[in-house]
Structures are given as structure tokens and as C-alpha cells.
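# Breakdown of the fold
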Amino acid sequence: MALMLMEKLEYKWYIVHTHSGKEFEAKKALENMIDHDGYKKINEIVVPIYKETVYKNGKKKKVEKKSFPGYICLNMQMDQEAKNYVSSCPFISGFLTKQGQLPLPLPKSEINIVLSRTQEDNVDTFPVEFDFSVGQKILIVDGPFNNFSGTVKAIFPEKGKVSVNIEIFGRETPVEIDYYKVKKQ
């Protein structure tokens, strides 16, 4: 009688390539498959995102952006059956691995960085984007200079301000204004 030793599979993190722009659809399709089949080898599915402050038309807003477009992270027990199960899901192209081999898990140090960025709230981890630049004409839309027009002279991303030359009493006067209080003309 032969003894079969079964290795207990651990949950580890793996990277999966998705169809372009279909990260959330791939996540949802895989979640639906897991719910329908009662599949137990996948513990968590994450689309790595970060929050960024964007200023559009003088308004400040937070938007979510994908950290790694075209990829999702899976916490799962890996074997050939699990690899085939995930690869059969709509919107998924496959794992990051050499063809025919089992994928290698992501090191804990790397997945911790990805997950910490995804879980941070109200923190900009990437530069702020603006829809105007130095030399452009802008309109002030809020504050004591509301409805004044001016020209952008400098942008200070670290302070969240823009320096604008406006005309007051017939003279060009520089003023510093919060980004979200101006918009392109």
C-alpha cells in the first residue's frame, strides 16, 4: 500500500493578465464563477488602484486610477487545476509565467506595497494633474477675485496653488490662488 503525501497548499498572491481595460470586468466574472461553483482555492481578488487629486474646470476632485492597467492580483492556492480554472474566466488572458509552468507567487514585500497603496484613503501617491499650464488665460471661479480673468505665471503643486496675474485698478497684480478656484478660459 503506497502512502500518498499531500502537500497542503498555501494561499499566495499571483498576478493575472486581463484584457485591456477589463480589469473590473475580469474581477466580477471571476467572482461570479467562484460563487456559482463554490470554488474554494481563491481567497481574494484585487484590482490595484490609487486615488489621485485632479483639478478640472476649477474643481478639485478625487479619482481612482489603476496602478497596473491590464493586471489583477489573486490570493489563491496554486495548482494546475486552479491555474486552468482562472485561465478559463472571461476577460482573463492568463498568469504572468512561462507557458506550461505554474505561476510563481509574488514576494510578500512586493504585494504589501501594492496592497498598501490600494488601501490608502485620501492620500495622493502620484502627482496632481491640472488642465491648465503657465501662460494660459484662466478665469477665477471662487473667492474674493471671483470672475476675474488672468494669466498663469507659476504653478506650485506642493502648495496646491497657482500664481496668476490679474488686472486690479488698471494694474497687473500677482495673486496666489488655490488650484480648484480657477479654470481655463
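The following refers to the structure shown. Quantities reported herein were computed from a predicted structural model and do not represent experimental measurements. (Residues numbered from 1 in each chain as written. Predicted model: local features only at pLDDT ≥ 70, side-chain atom pairs only at ≥ 80, totals over all residues. Heavy atoms only, no water.)

## Focus on the packing of aromatic side chains
To describe a pair of aromatic rings, one takes the distance between the centres and the angle between the planes. For the structure shown, the criterion picks out four aromatic pairs. Between Tyr 39 and Tyr 85, the aromatic rings sit 3.9 Å apart at their centres with planes inclined by 5 degrees, giving stacked as the arrangement. Of this pair, Tyr 39 sits in the loop between α1 (23–37) and β2 (42–46) while Tyr 85 sits in helix α2 (residues 80–87), placing them 46 residues apart in sequence. Per residue, the accessibility class of Tyr 39 equals that of Tyr 85, and both read buried. Plain terms: the ring middles of Phe 132 and Tyr 179 are 6.5 Å apart, the flat faces sit at 40 degrees to each other, and that makes the pair tilted. Taken together, the positions of Phe 132 in the loop between β7 (129–130) and β8 (137–140) and Tyr 179 in the loop between β11 (171–178) and β12 (182–184) put the pair 47 residues apart, joining distant regions of the chain. On the basis of relative accessible area, Tyr 179 is assigned to the buried category, the value being 1%. (Phe/Tyr/Trp six-rings, centres within 6.5 Å; stacked < 30°, edge-to-face > 60°. Helix = DSSP H or I, 4+ residues; strand = E, 2+ residues; numbered from the N terminus. Buried < 20%, exposed > 50% of the residue type's maximum accessible area, 1.4 Å probe, protein only.)

## Side note on the side chain of Thr 18
Topologically, Thr 18 is positioned in strand β1 (residues 11–18). Look past the residues within four positions of Thr 18 in its chain and what remains in contact with it is Glu 23, Ala 26, Gly 70, Tyr 71, Ile 72, Phe 91, Ile 92 and Ser 93. (Contact = heavy atoms within 4.5 Å.)

## Observations concerning the sheet that holds strand β6 (residues 92–95)
Strand order in the open sheet formed by four strands is β2-β5-β1-β6, with antiparallel pairing between adjacent strands. Both outer strands of the open sheet, β2 and β6, are each paired with one neighbouring strand and no more. Within the sheet, the average angular offset between the axes of one strand and its neighbour, ignoring direction, is 30 degrees. Sheet topology places β2 next to strand β5 (residues 71–77); four bridges connect them, and they run antiparallel. Bridging from a neighbouring strand, Ile 42 pairs with Met 76 of β5. Strands in contact with α1 are β1, β2, β5 and β6; relative to β2, the strand with the most contacts, it is inclined by about 160 degrees. Along the sheet, α2 makes contact with β1, β2, β5 and β6, crossing β6 at roughly 155 degrees. (Pairing = 2+ DSSP bridges. Axes fitted to C-alpha atoms, helices over the stretch in contact; angles between N-to-C directions.)

## Concerning the nonpolar core
Judged by nonpolar contacts, the single largest core of 22 residues is most densely connected at Leu 30, Ile 42, Leu 74, Met 76 and Val 86. Ranked by residues supplied to this core, first place goes to α1 with five residues. When sequence neighbours within four positions are dropped, the list of residues in contact with Ile 42 reads Tyr 11, Leu 30, Ile 34, Asn 75, Met 76, Tyr 85 and Val 86. Of all hydrophobic cores here, the second largest spans 12 residues; its members include Phe 132, Ile 168, Val 175 and Tyr 179. (Core = buried A, V, L, I, M, F, W, Y, C linked by side-chain atoms within 4.5 Å.)

## Brief notes about α2
Because an α-helix completes one turn every 3.6 residues, residues spaced three or four positions apart along the sequence face the same direction. Among all positions in α2, only Ala 82, Lys 83, Tyr 85 and Val 86 are buried. Angular distribution of buried residues about the axis of α2 spans 160 degrees; they occupy a single face of the element. Packing partners of the buried residues in α2 comprise β1, α1, β2, β5 and β6. One side-chain oxygen at the N-terminal end of α2 lies 3.3 Å from the backbone nitrogen of Glu 81; it belongs to Asp 79. (Arc of directions from axis to C-beta. Polar contact = N/O pair within 3.5 Å; in protein donor to acceptor, adjacent residues only side chain to side chain.)

## Structural notes on the pattern of salt bridges
Once the charged atoms of two side chains with opposite charge are near each other, the side chains can pair. By the definition in use, this model includes six salt bridges. A salt bridge links Asp 178 to Lys 181, with the nearest nitrogen and oxygen atoms 3.8 Å apart. When salt bridges with common partners are traced through the structure, they connect Lys 41, Asp 79 and Glu 81 into a single cluster. (Salt bridge = Lys/Arg side-chain N within 4 Å of Asp/Glu carboxyl O.)

## Focus: the pairing of β1
Direction of pairing for β1 relative to β5: antiparallel, over a ladder of seven bridges. Within the sheet, the bridge partner assigned to His 17 lies in β5 and is Tyr 71. Inspection of the sheet shows β1 paired to β6 by three bridges, in the antiparallel sense. Counted as the bridge partner of Val 16 is Phe 95 from β6.

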